[in-house]
Amino acid sequence: MWALVKTRPAAGLELCEVPRPEIGINDVLIQVRKTGICGTDLHIESWDPWAARTIRTPLILGHEFVGEIVEVGSNVSDFHPGDLVSGEGHVVCGRCRHCLAGRRHLCANSIGLGVGRDGAFAEYVALPMTNVWHHGPGIDEEVAAIFDPFGNAVHTALAFPVLGEDVLVSGAGPIGLMATAVVRHAGARFIVVSEPNAYRRELAGRMGATLVVDPLARDLHDVQAELGMVEGFDVALEMSGNAAALRSAIANMAHGGGVAILGIPTGEIPIDVNEIVFKMLTLRGIYGREMYETWYKMTVMLQSGLDIRPVITHRFPFREYEAAFAAARSGDSGKVIMNWQG
Ligand code: NAD
Ligand code: ZN
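Residues numbered from 1 in each chain as written. Chains lettered and ligands numbered in written order. Predicted model: local features only at pLDDT ≥ 70, side-chain atom pairs only at ≥ 80, totals over all residues. Heavy atoms only, no water.

1. What about the overall build of the chain?
Which entries qualify depends on this criterion: Helix and strand definitions follow DSSP, with helices as H or I runs of at least four residues and strands as E runs of at least two, each counted in order from the N terminus. Type-normalised accessible area, obtained with a 1.4 Å probe on protein chains alone, sets the label of each residue: buried when under 20%, exposed when over 50%, and partly exposed for intermediate values. Residue contacts follow a heavy-atom distance rule, with two residues in contact if any of their heavy atoms lie within 4.5 Å. In short, Shrake-Rupley with a 1.4 Å probe defines the accessible areas, and a residue's cover is counted only from the protein chains shown.
When its secondary structure is counted, the chain shows 12 helices and 18 strands. Considering only C-alpha atoms, the chain reaches an extent of 60 × 40 × 35 Å along its principal axes. Looking at the chain as a whole, 53% of its 342 residues qualify as buried. For the chain, restricting intrachain contacts to residue pairs at least 6 apart in sequence, the fraction spanning at least 24 positions comes to 68%. Carbon and sulfur atoms form 52% of the exposed surface of the chain, whose accessible area is close to 14800 Å².

2. Focus: the packing of helix α5 (residues 147–157) against helix α6 (residues 174–185)
We count it as follows: Interaxial angle, 0 to 180 degrees, is taken between N-to-C directions of lines fitted to C-alpha atoms, where a helix line uses only the stretch in contact. An angle below 35 degrees is treated as roughly parallel, one above 145 as roughly antiparallel, one from 65 to 115 as roughly perpendicular, and anything else as oblique. When the near helix sits turned anticlockwise from the far one by under a right angle, the crossing is termed left-handed; a clockwise turn instead gives a right-handed crossing. Side-chain classes follow a simple rule in which Ala, Val, Leu, Ile, Met, Phe, Trp, Tyr, Cys and Pro form the nonpolar group, Asp, Glu, Lys and Arg form the charged group, and the remainder, Gly included, forms the polar group.
α6 packs onto α5 with a crossing angle of 50 degrees between their chain directions and a minimal axis gap of 8 Å. The angle between the axes of α5 and α6 places the two elements in the oblique class. In the packing of α5 onto α6, the handedness of the crossing is right-handed. Counted together, P149, F150, N152, A153, V154 and A157 of α5 and I175, M178, A179, V182 and V183 of α6 form the full contact between these two elements. Here the contact of α5 with α6 is built from residues that sort into 10 nonpolar, 1 polar and no charged.

3. Let's talk about the site of ligand 1
Operational definition: Working definition: residue near molecule or strand if any one of its non-hydrogen atoms lies within 4 Å of it. The definition of a polar contact used here is a pair of N or O atoms within 3.5 Å, where within protein one atom must be able to donate a hydrogen and the other to accept one, and adjacent residues in sequence count solely through side-chain atom pairs.
With respect to spatial proximity, 20 residues lie near ligand 1, and among them E195, R200, I264, I286 and G288 are the closest. Within the contact set of ligand 1, an oxygen atom lies 2.6 Å away from a side-chain nitrogen or oxygen of E195. Contacts to ligand 1 include N242, whose side-chain N or O atom sits 3.1 Å from a nitrogen atom. Protein chains bury 79% of the 850 Å² of accessible surface belonging to ligand 1 in isolation. Split into classes, the residues belonging to the shell around ligand 1 amount to 10 nonpolar, 8 polar and 2 charged.

4. Considerations on unusual backbone geometry
A cis amide bond links T57 with the next residue in sequence, P58, at an omega value of -5 degrees. Within the element layout of this structure, P58 appears in the loop between α2 (49–54) and β4 (59–60). Cis rather than trans, the peptide bond between M291 and Y292 has omega equal to -5 degrees. With respect to the helices and strands, the residue Y292 is situated in the loop between β16 (282–285) and α11 (293–303). Phi is positive for W47, close to 55 degrees, though the residue is something other than glycine. Among the secondary structure elements, W47 is positioned in the loop between α1 (39–46) and α2. One non-glycine residue with positive phi stands out, namely M280, at about 55 degrees. Locating M280 in the fold gives a position in the loop between α10 (273–278) and β16.

5. Some words on the packing of α6 against helix α7 (residues 198–206)
Axis separation between α6 and α7 bottoms out at 9 Å; the angle between their running directions is 20 degrees. Viewed along their axes, α6 and α7 adopt a mutual orientation that is roughly parallel. Read as a crossing pair, α6 and α7 show a hand that is right-handed. Contacts between α6 and α7 involve P174, L177 and T180 on the former and, on the latter, R200, L203 and A204. Classifying every residue of the contact of α6 with α7 gives 4 nonpolar, 1 polar and 1 charged.

6. Section: the coordination of the zinc ion (ligand 2)
Put simply, the test is: Donor criterion used throughout: N, O or S atom within 2.8 Å of the metal, extended to 3.2 Å for Na, K and Ca. Water excluded; incomplete-looking sites may result. Only two sets of limits are used to name each site, 85 to 135 degrees for every angle of a tetrahedral four-donor site, and over 155 degrees for opposite donors with all other angles from 65 to 115 for a square planar four-donor or octahedral six-donor site, with any other site named irregular.
At 2.3 to 2.4 Å from the zinc ion (ligand 2) lie its protein donor atoms, namely C93 (SG), C96 (SG), C99 (SG) and C107 (SG). Each of the 4 donor atoms bound to the zinc ion (ligand 2) contributes to angles spanning 103 to 118 degrees, and the resulting shape is tetrahedral. Each donor residue of the zinc ion (ligand 2) lies on one chain, and together they are spaced C-x2-C-x2-C-x7-C. Classification of C96 as buried rests on a relative accessible area of 17%.

7. Notes on the sheet that holds strand β11 (residues 167–170)
Applied cut-off: Should DSSP find at least two bridges between two strands, the strands are regarded as paired.
Taken in spatial order, the 6 strands of this open sheet run β13-β12-β11-β14-β15-β16, and their pairing is parallel. Two strands lie at the open edges of the sheet, namely β13 (211–213) and β16, each paired on one side alone. The mean angle between the axes of side-by-side strands here comes to 15 degrees, regardless of whether they run parallel or antiparallel. Pairing of strand β12 (residues 191–194) with β13, which is carried by 3 bridges, proceeds in the parallel orientation. Within β13, the position partnered with V192 by the bridge is L211.

8. Digging into the sheet that holds β4
Strands sit in the order β2-β1-β4 across an open sheet of 3 strands; the sheet is antiparallel. Either end of the sheet is taken by a strand with one partner, and the two such strands are β2 (14–17) and β4. Here strand β1 (residues 2–6) pairs with β2 via 4 bridges, running antiparallel. Residue L4 lies in a different strand from β2, and its bridge partner there is L15.

9. Some thoughts on the packing of aromatic side chains
Convention followed: Two rings belonging to Phe, Tyr or Trp (six-membered ring only in the last case) form a pair when the distance between their centres is within 6.5 Å. Interplanar angles under 30 degrees mark stacking, angles over 60 mark edge-to-face geometry, and anything in between is tilted.
Scanning the model with the defined rule gives 7 aromatic pairs in all. On the numbers, 6.0 Å between centres and 45 degrees between planes, the contact of F147 with W295 is tilted. Taken together, the positions of F147 in helix α5 and W295 in helix α11 put the pair 148 residues apart, joining distant regions of the chain. Comparing F147 with W295 shows no difference in burial state: the two are buried. Measuring from centroid to centroid gives 4.4 Å for F318 and W340, while their planes differ by 5 degrees, and the two rings are stacked.

In structure tokens, the structure reads:
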């Protein structure tokens, strides 16, 4: 099969012919149809310090995908050839305290698809049945391909109640854009999206933002005044990984507010803890998705009218992976899809 492989510990990727993955009795084999490119894939492609520390080569990249089951192990009864599925990218241990208690998203030993084991940028991918999500009827196939980052957006957006609340979204990358649509769907009043990139600010408007702002040009206190807000944001979603963005969010929170932090900073971020104490803020880290409550919420919100399709801006056949990665890296893009059929 064709697969996009990090063959050696250096920058770059190679499209290689490799053997199809073998499956065990509890696994399913999935023929991949479409995949999404994530920031993680860009880190691995460019071989930055995180990738050099984390990745063992050779490795097939990719964890955002949709595909069709073509084979199931002898112990698998709930999945069948022909099913349209995506995969939860965290393969958990099943034996730690949290796994045993059914809190699998808190597993401390999880292995990442396309990070710690061969991923989905290939014509076939194998996964344990416990990592497979069967798509409900009526789910658009391109949207199904990005359930993984959509899940990050939903997990973060629903970390605090947003009905009737004023929400700040810092960073309008693909995940911040989807989170904007989710908090709009979930009934927020004002949604302010802060993003330095003009292309992404325009997309944020289409995803349901009340107001989009360039943080390099305008202070959030000024934005609050324009909207007639008096007490600050009730909820902030940190989706940039940027130090200034987190500090600005904390400085603009209402008393008792909640800050959900998904963005991954490249280094330490100094913050004024006085603001957290005296405003009685809750800061909550978000990693991955809840298995499988977030997946359920994604499905039913789509079935009840949530539309995240505007976030998908570029589509390429897998053989044009270099152009696909360049589009994702440019910043002038939402989600970039690679097609693995044909
Ligand atoms: P992305 O890099 O495409 O988006 C980040 C956006 O933040 C960019 O558009 C950038 O222009 C913007 N930004 C930069 N400086 C800013 C500032 N000062 N104020 C506001 N915005 C600013 O990333 P993405 O794929 O949308 O993911 C969002 C973040 O979540 C990234 O940091 C990513 O690494 C992280 N992430 C975390 C998890 C998790 O499980 N915790 C999973 C996936 C991604
Ligand atoms: Zn575990």
